[in-house]
Amino acid sequence: MTLEDRLSLITRNAAEVVTPEELKLKLESGEKLKGYLGFEPSGLFHIGWLIWAQKFKDLVKANVEMNLLVATWHAWINDKMGGNLEMIRLAGEYAVDVLEAFGIARSSIKIWDAEDMVKDKDYWALVIRVAKNTSLARMKRALTIMGRKADEAELDSSKLIYPAMQVSDIFYMDLDIALGGTDQRKAHMLARDVAEKLGRKKVIAIHTPLLVGLQGAQRMTAGGDEDEVLADIKMSKSKPDTAIFVNDEPEEVEAKLMKAYCPKGVVENNPVLQINKYIIFPSDPSGLKVERESKFGGDVHFKSYDELEREFAEGKLHPKDLKVATAKKLNSILEPMRKSIKSKPEYDRLAKEIARSVTR
């Protein structure tokens, strides 16, 4: 793989790279690069997570030494799974199994557990150094990385530790690349700023887009904090009716997609198109086949996402036809993950516990 090939693979479908110039210089140096993604084990795996999972696969393929942090203590601080560490651990195992079924083999990456990191006094020394070099106001502003507002630190001061831990994770693993959704930007920018003060490596940040919920952006309001607007429209485990989970049965996936926001010719914030752009086409180079009766134009096979978007925007592809084809293709991608989950009864227990917590 040439340098340009690696650069193209690493950056494809990224919402932002901070900075492209630094990334290119790192690749040109010929040194082995280390990257990571940290995730909170916080419930069932929805397809929005497949966007960063695909980028994680891209980085592995581009010969980046990838690290996966199962952020159990971070999830505990963030009150996930009711603060039940046993359930958080189980949710972490479940997510790693899902990722392996998606094609991220354990043997090709290094998996870190936050519970091992916090046993090291050097880790906590990093946390303190980061905190001592960050103002309280800056730390509060960074709480949006955990889906929290700044004033929530007034209710539970443990939340203020979270951004310092996330920055310390990056320094502790001595990383070149930090991967995350655009909602993780504030933590990555904080890490870059603090790195200069501590004489640490300035991490390159790669941010993936957030998949809009199946309701689209209908509830998006003008004005307000940008992070709060994103939190309102993105696919989220806390809004199960507007999310597709890898556990969902094929008929559930189809039913949810048939109800999804997808007005004729509308491209912006269209979840069905986004699923194609960020999940289907990167996962399967064969593209998307739309089956139609001859009176509606007959079958059509889209080999590229750009071609699909253009046909839809011009009104040549009906939303229903797009939804049916998307459901069929997405189900084929999800099937190995569903099989992996069903093979372990403990994951059924996890799903039932989550369902109970949602209804309470």
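Notes on the structure follow.

Analysis parameters
Here the residue index of a chain counts from 1 through its sequence in written order. With the structure being a predicted model, the display of local features is reserved for residues of pLDDT at least 70 and the display and counting of side-chain atom pairs for 80 or more, all residues being used for whole-chain, interface and lining totals. With hydrogens and water stripped out, all remaining heavy atoms of the structure feed into the side-chain values. Put simply, DSSP H or I for four residues or longer makes a helix, DSSP E for two residues or longer makes a strand, and each gets a number counted from the N terminus. Think of it in three bands: with a 1.4 Å probe and only protein chains considered, a residue is buried below 20% of the maximum accessible area for its type, exposed above 50%, and partly exposed in between. Any pair of residues with heavy atoms lying within 4.5 Å of one another is described as a contacting pair. In short, Shrake-Rupley with a 1.4 Å probe defines the accessible areas, and a residue's cover is counted only from the protein chains shown. Charged residues are defined here as Lys and Arg on the positive side and Asp and Glu on the negative side; His and the ends of the chain fall outside this count. To locate a charge, the coordinates of NZ of Lys, CZ of Arg, CG of Asp or CD of Glu are taken. Distance and chemistry together define a polar contact, namely a pair of N or O atoms within 3.5 Å, with one atom able to donate a hydrogen and the other to accept it when in protein, and with adjacent residues in sequence counting only for side-chain atoms on both sides. A pair of strands is labelled paired if DSSP reports no fewer than 2 bridges between them. To get an axis, a line is fitted to the C-alpha atoms, and for a helix only the part in contact is used. The angle between two axes follows their N-to-C directions and goes from 0 to 180 degrees. Expected span of a helix: the number of residues minus one, times 1.5 Å.

With that settled, the discussion passes to the overall build of the protein. Along its length, the protein carries 16 helices and eight strands. When the backbone C-alpha atoms are referred to their principal axes, the protein occupies close to 70 × 55 × 45 Å. For the protein, the proportion of its 360 residues judged to be buried stands at 50%. Considering only residue pairs separated by 6 or more positions, the protein has 72% of its internal contacts joining residues 24 or more positions apart. If you sum the accessible surface of the protein, you get close to 16,500 Å²; carbon and sulfur atoms cover 50% of it. Charged side chains in the protein number 56 positive and 56 negative. The centres of these two groups are separated by 0 Å.

Right, let's talk about the environment of E16 for a bit. The topology assignment puts E16 in strand β1 (residues 16-18). For the pair E16 and G213, spaced 197 residues apart in sequence, the C-alpha separation works out to 21 Å. Discounting residues that sit within four places of it in the chain, E16 has contacts with R185, A205, I206 and H207. A polar atom in the side chain of E16 sits 2.9 Å from the side chain of R185. Polar side-chain contacts of E16 include one of 2.8 Å to the side chain of H207.

Moving on: the sheet that holds strand β6 (residues 204-208). Judged by pairing direction, the sheet is mixed, and its six strands sit side by side in the order β1-β6-β5-β2-β3-β4 without closing on themselves. The sheet terminates laterally at β1 and β4 (110-113), the two strands that pair on one side only. Recorded for the sheet is a direction-independent mean angle of 20 degrees between the axes of neighbouring strands. In this sheet, β6 lies alongside β1 in antiparallel orientation, the contact comprising three bridges. By the bridge assignment for β6, V18 is matched with A205.

We now examine helix α5 (residues 85-101). Here α5 is 17 residues long and its end C-alpha atoms lie 24 Å apart, about the 24 Å a rise of 1.5 Å per residue gives. Of all the 17 residues making up α5, 12 are buried; the element is thus mostly covered by neighbouring parts of the structure. Capping of α5 at its N-terminal end is provided by N84; its side-chain oxygen lies 3.0 Å from the backbone amide nitrogen of E86. In the segment just after α5, G103 is the residue with positive phi, at about 115 degrees.

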